[in-house]
Amino acid sequence: MKKGTKQRLRRGTLYALLLAIVFAIALLADWPRIQRAFFNPEIAVEMFPEVFTIAAKNTLLYTFFSFAFGLVLALVLALMKRSTIRPYRWIATTYIELFRGLPALVTIILIAFGLPIALGVSIPGGTLGKGAIGLGIVAAAYMAETIRAGIEAVPRGQMEAARSLGMSRATAMAFIVLPQAFRVIIPPLTNELVLLIKDTSLFFVLGTTVVTKELTKFGRDLMNTTFNGTPLIVIALVYLIITLPMTRLVAQLEKRAARAR
Amino acid sequence: MDSNVPPIQVLELHKYFGELQVLRGIDFQVNAREVVCVIGPSGSGKSTLLRCVNLLEVPTAGKVLVEGIDLTDPETDVDAVRARIGMVFQQFNLFPHLTVQSNLTIAQRKVLNRSEDEANEVARNVLERVGMLDKIDEYPIRLSGGQMQRVAIARSLSMNPDMMLFDEPTSALDPELVGEVLDVMRGLAEEGMTMMVVTHEMGFARQVGDRVVFMDGGVVVEDGPPDDVLLNPQHDRTQKFLQAVLRQ
């Protein structure tokens, strides 16, 4: 046999296999039942507009505050990690290793329930306050390493030039080094933001009211009351509407960053 | 400023990088309105000496006095002294996220607390001096190496420094761009700027320098008028270095 013929034959076999599997699934599956269980238009319609006005709104709100709190904390940690004072470095390293090693859910439970029970300290702000601080603490551990890498990617000469113009270390960091570092780390930080969007689903553990549910809790509660999977499909689509543009944006930013180099 | 106090005075300066001794007891001085060129093979410690003068490198032992102020004294406000010393780097080190204008104004604003109008006025004046006024709104990435270095010199000048340090300012440039930078430096020297220049440009050292210092192995081997050091060197090592350089 010729080489070309052999290759065509192999590709043909693979296509045939794929078709066979798709065909088997199509024949074996109970389509009407799947449609009733996951694609019930009446149940889907019932979810509007609350899926946007409450659930998606809360998901975005929780994400925003977790990210904002996490970013500030991460910046502090990154600077501590680069401090010339050793105990600061130790604290930052311990923090980062600790909260990267723990499940986010554990940290959120610790903040929301552990602190009140053990110390009598209650974080204000309800679901938003407790959740955003808990998740922000976790996010900070990841973002601190990203920011540190960004700072270290800025050539040393930049700090030296700034210092030799008479700028203090802090001024040089704020106006010369950090602006350049953040350019490098916008893509990975956006990635972190996408992860946070999904992680806000952990807020279910905080116990929510009708108006504080985020997407996952909203969908799951409806699934329980309707005995139907449609709500999950709907919230899955809403998640994708939020996350897909962002992952596309990251890809764009990375391409642009690669070109600029 | 008391004209009797030398702008730069280095006393018995030692510098180690870990185990490696780079400077082995340097005594060195630059007088007001003097242009001193420091030459020597790579690894001789000449750049380290220059970087010790504005404390980018911290001396291991010895003293660095700038206008009589001891930089090695922990009580000294090093930032305030640095603001009076212009520094030009081999790699230019312009701030790539800022326009040429902002490169020149940011330290004026943050360190000297000048108003925006005043800082912009100064920026325009010094850019005019180095022939870069037409690029005031460009980002550094759009400039050639020679243009970048002229902007870097302008950035230092915008702080109205009492003296300027140059760390191999033309070594990263394509040969055809060296001239424009040396012209700017020659202009500064003619205006009476106090300058310490680490360089491999022997022509510049001879024409513009008031003194030439030859360093090797972390010590000052020879220090004198350019014609003496470059044309009639007294030491073996100086002769060998100059022969090697001139053969190129």
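Residues numbered from 1 in each chain as written. Chains lettered and ligands numbered in written order. Predicted model: local features only at pLDDT ≥ 70, side-chain atom pairs only at ≥ 80, totals over all residues. Heavy atoms only, no water.

Caption draft 1: Representation of the overall build of chain A. Along the backbone of chain A there are 11 helices and zero strands. Reading chain A from its N end, one meets helices and strands in the order α-α-α-α-α-α-α-α-α-α-α. Radius of gyration (C-alpha) of chain A: 25 Å, far over the 18 Å computed for a compact globule of 261 residues. Over its C-alpha atoms, taken along the principal directions, chain A stretches across nearly 75 × 70 × 30 Å. (Helix = DSSP H or I, 4+ residues; strand = E, 2+ residues; numbered from the N terminus. Rg over C-alpha atoms; globule rule 2.2 N^0.38 Å.)

Caption draft 2: The side chain of K46(B), seen in detail. Residues and elements named next belong to chain B. Looking at where K46 falls in the secondary structure, it is placed in helix 1 (residues 46–53). On the accessibility criterion, K46 (4% relative accessible area) is buried. Here the side chain of K46 touches G40 through a polar contact of 3.0 Å, landing on its backbone oxygen. Apart from residues lying up to four places away in sequence, K46 is in contact with V38, I39, G40, P41, E168, V198, H200 and M215. (Buried < 20%, exposed > 50% of the residue type's maximum accessible area, 1.4 Å probe, protein only. Polar contact = N/O pair within 3.5 Å; in protein donor to acceptor, adjacent residues only side chain to side chain. Contact = heavy atoms within 4.5 Å.)

Caption draft 3: Local environment of the interface of chain B and chain A. Opposite the 23 residues of chain B that make contact, chain A presents 18 residues. When chain B packs against chain A, the two sides together hide about 1,700 Å² of surface, and 63% of this comes from carbon and sulfur. In this structure, the connection of chain B to chain A is made through two salt bridges. Counting across the interface, chain B meets chain A through six residue pairs in polar contact (both at pLDDT 80 or more). The element contributing the most residues to the side of chain B that touches chain A is helix 3 (residues 100–110) of chain B, with three residues. Residue classes in the side of chain B that touches chain A are distributed as 13 nonpolar, four polar and six charged. (Buried area = accessible area lost by both parts, 1.4 Å probe. Salt bridge = Lys/Arg side-chain N within 4 Å of Asp/Glu carboxyl O. Nonpolar A, V, L, I, M, F, W, Y, C, P; charged D, E, K, R; others polar.)

Caption draft 4: Region of the structure containing helix 1 of chain B. All names here are of chain B. Among the eight residues in helix 1, eight count as buried, and that is most of the element. Residues of helix 1 that are buried include every one of K46, S47, T48, L49, L50, R51, C52 and V53, and no others. Directly after helix 1, the chain includes L55, whose backbone phi takes a positive value near 65°.

Caption draft 5: View of the pairing of strand 10 (residues 219–224) of chain B. All names here are of chain B. Pairing analysis gives five bridges linking strand 9 (residues 211–216) to strand 10, with the strands arranged antiparallel. Considered in strand 10, the bridge of V213 is made with D223. Remark: two residues form the turn of the hairpin made by strand 9 and strand 10, two consecutive strands paired antiparallel; G217 in that turn has positive phi of roughly 60°. (Pairing = 2+ DSSP bridges.)

Caption draft 6: The packing of helix 5 (residues 145–157) of chain B against helix 6 (residues 175–190) of chain B, seen in detail. Residue and element names in this part refer to chain B. The interhelical angle for the contact between helix 5 and helix 6, taken along N-to-C directions, is 20°, at an axis separation of 8 Å. In terms of axis orientation, helix 5 runs roughly parallel to helix 6. Touching G145, G146, Q147, Q149, R150, I153 and L157 of helix 5 are L177, E180, V181, V184, M185 and L188, all from helix 6. Tallied by class, residues from the contact of helix 5 with helix 6 come to seven nonpolar, four polar and two charged. (Axes fitted to C-alpha atoms, helices over the stretch in contact; angles between N-to-C directions. Parallel < 35°, antiparallel > 145°, perpendicular 65-115°, else oblique.)

Caption draft 7: Looking closely at unusual backbone geometry. Cis geometry is found at the peptide bond from F48(A) to P49(A), where omega equals 0°. Backbone geometry at E67(B) places phi at a positive 50°, although glycine is not the residue there. Topologically, E67(B) is positioned in the loop between strand 4 (61–66) and strand 5 (69–70). Notably, N93(B) is not glycine yet its phi reads approximately 55°, a positive angle. Structurally, N93(B) can be placed in the loop between strand 6 (85–88) and helix 3.

Caption draft 8: Inspection of the packing of aromatic side chains at higher detail. Evaluated as defined, the whole model comprises five aromatic pairs over all chains. Taking 5.2 Å as the distance between ring centres and 40° as the angle between the ring planes, the aromatic pair formed by F214(B) and F241(B) counts as tilted. On the criterion of sequence distance, the pair formed by F214(B) in strand 9 and F241(B) in helix 9 (residues 236–247) is long-range, its members being 27 residues apart. Judged by its relative accessible area of 0%, F214(B) is buried. The class of F241(B) is buried, set by a relative accessible area of 12%. The aromatic ring of F204(A) is capped on one face by R220(A), whose charged end is 5.7 Å from the ring centroid. The ring of F95(B) has R155(B) sitting right over it, with the charged end atom 4.4 Å from the ring centre. (Phe/Tyr/Trp six-rings, centres within 6.5 Å; stacked < 30°, edge-to-face > 60°. Lys NZ or Arg CZ within 6 Å of the ring centre and 35° of its normal.)

Caption draft 9: Examining the side chain of N103(B) more closely. Note that N103(B) resides in helix 3. Setting aside residues no more than four positions away along its own chain, N103(B) makes contact with L94(B), F95(B), L98(B), P140(B) and R155(B).

Caption draft 10: Representation of the nonpolar core. The biggest cluster of nonpolar side chains holds 94 residues, and the ones touching the most others in it are L215(A), F28(B), L49(B), F95(B) and M196(B). The dominant element in this core, judged by the number of residues it contributes, is helix 9 (residues 169–199) of chain A, at 12 residues. Setting aside its immediate chain neighbours within four residues, F95(B) contacts Q158(A), A161(A), A162(A), L165(A), M167(A), I176(A), N103(B), I106(B), P140(B) and R155(B). By size, the runner-up hydrophobic cluster in this structure holds 47 residues, among which are A152(B), F166(B), V181(B) and V197(B). (Core = buried A, V, L, I, M, F, W, Y, C linked by side-chain atoms within 4.5 Å.)

Caption draft 11: Structural context of helix 9 of chain B. Between its terminal C-alpha atoms helix 9 of chain B stretches 17 Å, which fits the 16 Å expected from 12 residues at 1.5 Å a residue. On its buried side, helix 9 of chain B packs onto strand 3 (35–39), helix 7 (202–208), strand 9, strand 10 and helix 8 (226–231) of chain B. (Expected span 1.5 Å × (residues − 1).)

Caption draft 12: The arrangement of a nonpolar patch on the surface in detail. All names here are of chain A. The grouping of L14, L17, I21, I25, W31, I34, F38 and F39 at the surface amounts to a nonpolar patch, some 800 Å² of accessible area in total. Looking at the nonpolar patch, the elements that each hand over two or more residues are helix 1 (3–28) and helix 2 (31–38). The element contributing the most residues to the nonpolar patch is helix 1, with four residues. Within the secondary structure, I21 is located in helix 1. (Patch = residues over 30% accessible without salt bridge, like charges linked within 9 Å, V, L, I, M, F, W, Y side chains within 5 Å. Areas by Shrake-Rupley, 256 points an atom, 1.4 Å probe, with all protein chains shown as cover.)

Limitation: the analysis is restricted to geometry and does not speak to function.
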